[in-house]
Structures are given as structure tokens and as C-alpha cells.
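A structural walkthrough
One letter stands for each residue in the lines below.
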Amino acid sequence: MTDTTEGLGLHDHVRARFARWPYEPDVTQVILLDHHMIPTPESVRAWAANAITNDPDVRAIRTGAMFPAAAASFTEVGFRPIDTLALLEAPLTPTSTRSLRRQRSKTQRLRASHLPDVAALDRRAFGDPWGNDVRSLNDITGATPRHRSRVVTVNDVNGNPHVGGFALTGQSGVFGYLQRLAVDPQLRRRGIARRLVADSMRWMQRRGATTAMVNTALDNEAALALYADLGFRRRSETLAILELTGDDLHRHGGAR
């Protein structure tokens, strides 16, 4: 299996790509190339069969975070939810972002040389199986027409700078997306996350986005409190990450 294979939904023209799940070479991720569109179950079946054709030893196929309508098509094919995420949004206007200018928000550009440290930080922050590697971090930044990648660095006891947190932000039309935010677990409650979120929201607004969106685990109380304090509100819908395994997976092996 390669990381650049693409599948095409024949009935709905929703495109998807397959990639190895970070740190799990026997798990394939199916990535919708336009998360606003809804695939049909027929397309999902074709993608599952294609993924198995590309890698007969695959033990599971997982999705990214799916809106309910898209998740329903995957569920009909046999995928089962393995995680549920809260979805939040905030208005982006000159008035709503004015207070963010008062946030201490010095950040730096995330450079290629930062990526190994950023990937290691992401894995420490989120744990397995949710941590990203360098390849999947690059995939995230390529998911929207415009993106911004920033880090906050801190000095260790010897005065040497290292990455303390990072944010990946995207923008498409009127929507801005805080795609990934992580802070070193040893450096939490120092304002790093707030600094990165404020920086991301200001960038979204300057680029013409009118709504900021982010998702996080339902039980991530610290993140939920931070986002609420910065003007985000929970939407009634949730997002789901789904997985196809076992007999349901093998059943699609015969559909090649």
C-alpha cells in the first residue's frame, strides 16, 4: 500500500485517499478529500475493497473525524464508531476577535526542522492510537487551500529552545479550522494553548473566514473550557471516527 493511492466514488464524485495510520502499518486510513461532501454507501464499499486490494494484510480501516451524514454511509457498510468528538464553532468578526489582540501571542513559523519534535510532542500529548507522525502532520496541512503552521518555543534548563506547543490552522472560504493543537504535557497551564488559539483565530479572520471550527474529545475538559473562554460554543452535532475490522472487513475482500 502507498500513501498516495486515490479512490473515486463512482456515484457521487466524492474523492478519497488512503494512507497508513500513524505508527500502525497494518491499519489503513480513508481520507475524504472534501469533508463537506457526503459519500454514498456504494462509494464506501468500493473504497474498502480498494484498500484491501492495495494491502491484503490490512487488519483495519479507519476514518478521520466524520460529520453525521457522512458517518451514516460508513456505518451502513459495517464501520463502527471508535471515538466521538465535540464540535465547536466561534464567530470571527473584527469585534469578536478584538479581545484576542490582547492575548500574549508571540509564535513562530513551524519549519521542516521542527517536524520530528512536533510529531514526538503530538504523540506524547494524544497517546496511541491518536498521535500523528511527520507524514500525517503534512497531510493535515494539505487538507485546506490555505494553512498556517505555528509553534511556541520554550527554553530548557540549559537555555536551549525547544517546541512547547504547536497549532495547524486551515482556511477554506468562510470557514477557518483549528486542525491540530497540542502542548507538551509537562508545559500545560502556562498559556501556550491560549496563545496558539488566539493566533490562529486572528489569522483566520484576516484571511476572510467568518466562522472558526474545532473539535476535541468529549471528555477533554481543559480544552473545552479554553475554547469556551475564547468564544467557542458547542454545536448539537458530534463527529465520529469509525473503523472496519474483523468479519466486516473480510467481507469486503471478496468485492474486489
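Residues numbered from 1 in each chain as written. Predicted model: local features only at pLDDT ≥ 70, side-chain atom pairs only at ≥ 80, totals over all residues. Heavy atoms only, no water.

**Quick look at the packing of aromatic side chains**
Where two aromatic rings form a pair, the distance of their centres and the angle of their planes describe that pair. For the structure shown, the criterion picks out five aromatic pairs. With centroids separated by 6.1 Å and ring planes inclined at 70°, the aromatic side chains of W21 and W130 adopt a geometry described as edge-to-face. In this pair, W21 sits in strand β2 (residues 15-21) while W130 sits in the loop between α4 (115-126) and α5 (134-141), placing the two residues 109 residues apart along the sequence. For the ring pair F74 and F79, a centre distance of 5.1 Å and an interplane angle of 85° mean the geometry is edge-to-face. The residues F74 and F79 share a single accessibility class, namely buried. Taken together, the aromatic side chains of W47, F74 and F79 make up a single cluster linked through ring pairs. Its end group placed over the ring of F126, R180 keeps NZ or CZ at 3.7 Å from the ring centre. (Phe/Tyr/Trp six-rings, centres within 6.5 Å; stacked < 30°, edge-to-face > 60°. Helix = DSSP H or I, 4+ residues; strand = E, 2+ residues; numbered from the N terminus. Buried < 20%, exposed > 50% of the residue type's maximum accessible area, 1.4 Å probe, protein only. Lys NZ or Arg CZ within 6 Å of the ring centre and 35° of its normal.)

**Re unusual backbone geometry**
Between D128 and P129 the backbone carries a cis peptide bond, its omega angle lying at 5°. Turning to its location among the elements, P129 is positioned in the loop between α4 and α5. Positive phi, normally seen in glycine, also occurs at R189, with a value near 65°. Checked against the element boundaries, R189 lands in the loop between β9 (175-183) and α6 (192-206). Look at R189 and you get exposed, because its relative accessible area is 83%.

**Remarks on the side chain of T63**
Structurally, T63 can be placed in strand β4 (residues 60-63). Beyond its immediate stretch of four places on either side in the chain, T63 contacts W21, Q29, V30, F74, F79, A240, I241 and L242. (Contact = heavy atoms within 4.5 Å.)

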